[in-house]
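For reference, the chains in residue letters:
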Amino acid sequence: MLTNGTEFDTLREWDGDNVLHPWENSAGVRDRSRTFVENAKGIYVYAEDGKRLLDGPGGMWCVQVGYGRQDLAQAMADQAMQLGYYSAFNNSNSAAAQLAHEIAQRTPGDLNTVFFTTGGSTAVDSALRFIHYRNNVLGQPNKKKVISRQKAYHGSTYLAATMSGKERDKGWMDVAHDLVHFLPDVNPYRRDLNLSIEQFLDEKVADLEAAIVDLGADNVAAFIAEPILSSGGVIVPPAGYHQRCLEVCHKHDVLYISDEVVTGFGRLGHWFASEEVFGIVPDIITCAKGMTSGYVPMGAAIIADHLVQDIVDAGQDATFSNGYTYSGHPVSAAAGLKNIQIFEDENILDHVREVTPHFQARLHALRDMPIVGDTRGMGLVGCVECVADENSPNPLALDHAVGARIDARCQELGLLVRPIVNMCVFSPPLIITKGQIDEMFDLLEQGISLATEDLRREGLWQAS
């Protein structure tokens, strides 16, 4: 393996020449300046030059139990030596069967049927394909439309991307417009200030019911919703939103998909957030990311037993023609099982609930900074939204300038953030301590201050 500085110059050339990175802008396709992250331990990652960086995003919302867990790596290695692969199409495997059982013990209601996938996008894709399949089997071939929200993110496969409402991801990509209907933004920070939170909530619930009625309940298959709209900017809907939306859905025979790819496996202090935090038992839960703490790819669509029974009772000879070469991969399943064991042995869910008030207090204290417009979050996930100059001739460009400068300044200081235009998003490993929370937010505050001064000097921002 290449390790010294000269060899990393070669690696950067290979990276620029041979790797197309996710979400790559065309102007950066041949970029040779990326930081290489080569080692990690606990909540920290280490760049190729040895610089230590506190991992604010927790990888990609996923490294729940932290980096460098020898016990988790050993479980994967043991399984790989015993059985590195099997095909789930015609056989089964004890690791996958045990993981499915352990997941079912932790889900709400009768969500006991686990369909394993390769990640969050394929979990959402599979959930939607199952719903369409079920409606075909039940003689409802027109009941296919799915309702989603602006700012929602559900994945990057074609079908999952179709359901995603982040406008900036759609500029140059095609989606199946006929399969989805988007409701307006549910972010309370962006509401009409003449509306109270209660009135805003009423409006958002009314949006959903009006859409079902207008589209025709016979044409609407499902409503898909993240408990917290994570990649859209950690948008926390008003209290009671999910409960009331579920009631509307079931009133009109519309299924409810809770996309817990981010919130599942401890992010809010519970195995799943749907019932424990938001008071709902959905028809399907999708999950990924934290189910293996990011050590190996895996996802799942967890389907309510009554939906499966509907298909059995229909008496059709109907195949659910959906699956993946790596469905129920035994090494991934072994990682998932060890991940659950670590959660329980180390009381990680209790720890999250214990440190959450401190995390949220430090997050919201940043509202006092002049460039910060809003802070929001729950559990160990948060967002700092900075305010662009609304009088700027190009406010979107200014938004990008804000995010880029904060990102750069924080990395100089030893903190990785996830910049989303003018927002900084955090979802650190769940093992983070109160002292490390202070370290993270101290660095973020310094980074925002330095970035603000940069913008002032360049004449791009001034306090209103």
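Preceding this section is the structure that the text describes.
All values derive from a computational prediction rather than experimental measurement.

Asks: Got a minute to help me understand the overall build of the protein in this structure?
Replies: When you go through the protein residue by residue, the secondary structure sums to 14 helices and 15 strands. Against the compact-globule benchmark of 23 Å for 464 residues, the protein has a radius of gyration of 22 Å, which places it among compact chains. Seen along its three principal axes, the alpha-carbon backbone of the protein occupies a region of about 70 × 60 × 45 Å. A burial count over the protein gives 54% of its 464 residues as buried. For the protein, restricting intrachain contacts to residue pairs at least 6 apart in sequence, the fraction spanning at least 24 positions comes to 70%. Entry remark: accessible area of the protein is about 20,400 Å², with carbon and sulfur atoms responsible for 50%. Positive and negative side-chain charges in the protein, numbering 37 and 61 respectively, have mean positions lying 2 Å apart.

Asks: Explanation requested: the environment of Asn322 in the structure shown.
Replies: Among the structural elements, Asn322 can be located in the loop between α10 (305-314) and α11 (330-345). Look at Asn322 and you get buried, because its relative accessible area is 12%. Between the alpha carbons of Asn322 and Tyr133 there is a distance of 9.8 Å; along the sequence they are 189 residues apart. Dropping the residues within four chain positions of it, Asn322 is found in contact with Phe115, Ser126 and Arg129.

Asks: I keep staring at the sheet that holds strand β12 (residues 381-386) and nothing clicks. Help me out?
Replies: Adjacent strands of a sheet pair through backbone hydrogen bonds, lying either parallel or antiparallel. Strand order in the open sheet made by the four strands is β11-β12-β15-β14, with antiparallel pairing throughout. What marks the edges here is a single partner per strand, and that holds for β11 (372-378) and β14 (418-420). Within this sheet the neighbouring strands show an average axis-to-axis angle of 20°, counted without direction. Taken strand by strand, helix α14 (residues 434-457) contacts β11, β12 and β15 (423-426), and its axis lies near 170° from that of β15.

Asks: Can you help me understand the packing of aromatic side chains in this one?
Replies: Note on aromatic pairs: each is described by the distance of the centres and the angle between the planes. Applying the stated criterion across every chain yields a total of 13 aromatic pairs. Taking the centre distance of 6.1 Å and the plane angle of 55° together, the rings of Phe130 and Tyr133 count as tilted. Here Phe130 pairs with Tyr133, and both are found in helix α5 (residues 120-137), just three residues apart, close to one helical turn. The buried category is assigned to Phe130, whose relative accessible area is 5%.

Asks: Help me out: how do you make sense of unusual backbone geometry in this one?
Replies: Among all residues save glycine, negative phi is the norm, and among peptide bonds the norm is trans. Of note in this structure, Trp23 is not a glycine but carries a positive phi near 55°. Among the secondary structure elements, Trp23 is positioned in the loop between α1 (5-18) and β1 (37-41). Judged by relative accessible area, which is 56%, Trp23 ranks as exposed. Its identity is not glycine, yet Val421 carries a phi of approximately 55°, on the positive side. Counting through the fold element by element, Val421 comes out in the loop between β14 and β15. According to the relative accessible area criterion, Val421 is buried, its value standing at 15%.

Asks: Please explain the sheet that holds strand β13 (residues 415-416) as it appears in this structure.
Replies: Pairing in this open sheet of four strands is mixed, and the strands run β1-β2-β3-β13 from one edge to the other. Edge positions in the sheet fall to β1 and β13, since each has one partner strand and no second. Of the pairings in the sheet, the one linking strand β2 (residues 44-47) to strand β3 (residues 52-55) comprises three bridges and is antiparallel in character. Bridge assignment links Tyr44 to a residue of β3, and that residue is Leu54.

Asks: Please clarify how the packing of α5 against α10 should be interpreted in this entry.
Replies: How two helices pack is summed up by the angle between their axes together with the distance between the axes. α10 packs onto α5 with a crossing angle of 30° between their chain directions and a minimal axis gap of 9 Å. If you check the angle between α5 and α10, you find them roughly parallel. Judged by the twist between their axes, the crossing of α5 over α10 is left-handed. Between α5 and α10, the contacting residues are Phe130, Tyr133, Arg134 and Val137 on the first element and Leu307, Val308, Asp310, Ile311 and Ala314 on the second. Along the lines of polarity and charge, the residues of the contact of α5 with α10 split into seven nonpolar, no polar and two charged.

Asks: What am I meant to see in the pattern of salt bridges here?
Replies: Pairing between side chains becomes possible if they bear opposite charge and their charged atoms approach one another. Enumeration according to the criterion identifies 29 salt bridges in this entry. Arg134 serves as the salt-bridge partner of Asp310, at 2.7 Å between the closest nitrogen and oxygen. Residue Asp310 is located in helix α10, and its partner Arg134 is located in helix α5; the two are separated by 176 residues in the primary sequence. In this structure Asp310 comes out as partly exposed when scored by relative accessible area, which is 24%. Note on Arg134: relative accessible area 10%, which makes it buried. Here Arg353 makes a salt bridge to Asp350, at a shortest N to O gap of 2.5 Å. Of this pair, Arg353 and Asp350 both sit in helix α12 (residues 348-365), three residues apart, which is roughly one turn of the helix. The class for Asp350 is partly exposed, based on a relative accessible area of 42%. Among the ionic contacts, a cluster of salt bridges with common partners joins Arg190, Arg367, Asp374, Arg376 and Glu385.

What counts as what
Residues numbered from 1 in each chain as written. Predicted model: local features only at pLDDT ≥ 70, side-chain atom pairs only at ≥ 80, totals over all residues. Heavy atoms only, no water. Helix = DSSP H or I, 4+ residues; strand = E, 2+ residues; numbered from the N terminus. Rg over C-alpha atoms; globule rule 2.2 N^0.38 Å. Buried < 20%, exposed > 50% of the residue type's maximum accessible area, 1.4 Å probe, protein only. Contact = heavy atoms within 4.5 Å. Areas by Shrake-Rupley, 256 points an atom, 1.4 Å probe, with all protein chains shown as cover. Lys, Arg positive; Asp, Glu negative; His and termini not counted. Charge placed at Lys NZ, Arg CZ, Asp CG, Glu CD. Pairing = 2+ DSSP bridges. Axes fitted to C-alpha atoms, helices over the stretch in contact; angles between N-to-C directions. Phe/Tyr/Trp six-rings, centres within 6.5 Å; stacked < 30°, edge-to-face > 60°. Parallel < 35°, antiparallel > 145°, perpendicular 65-115°, else oblique. Left-handed = near helix turned anticlockwise from the far one by under 90°. Nonpolar A, V, L, I, M, F, W, Y, C, P; charged D, E, K, R; others polar. Salt bridge = Lys/Arg side-chain N within 4 Å of Asp/Glu carboxyl O.

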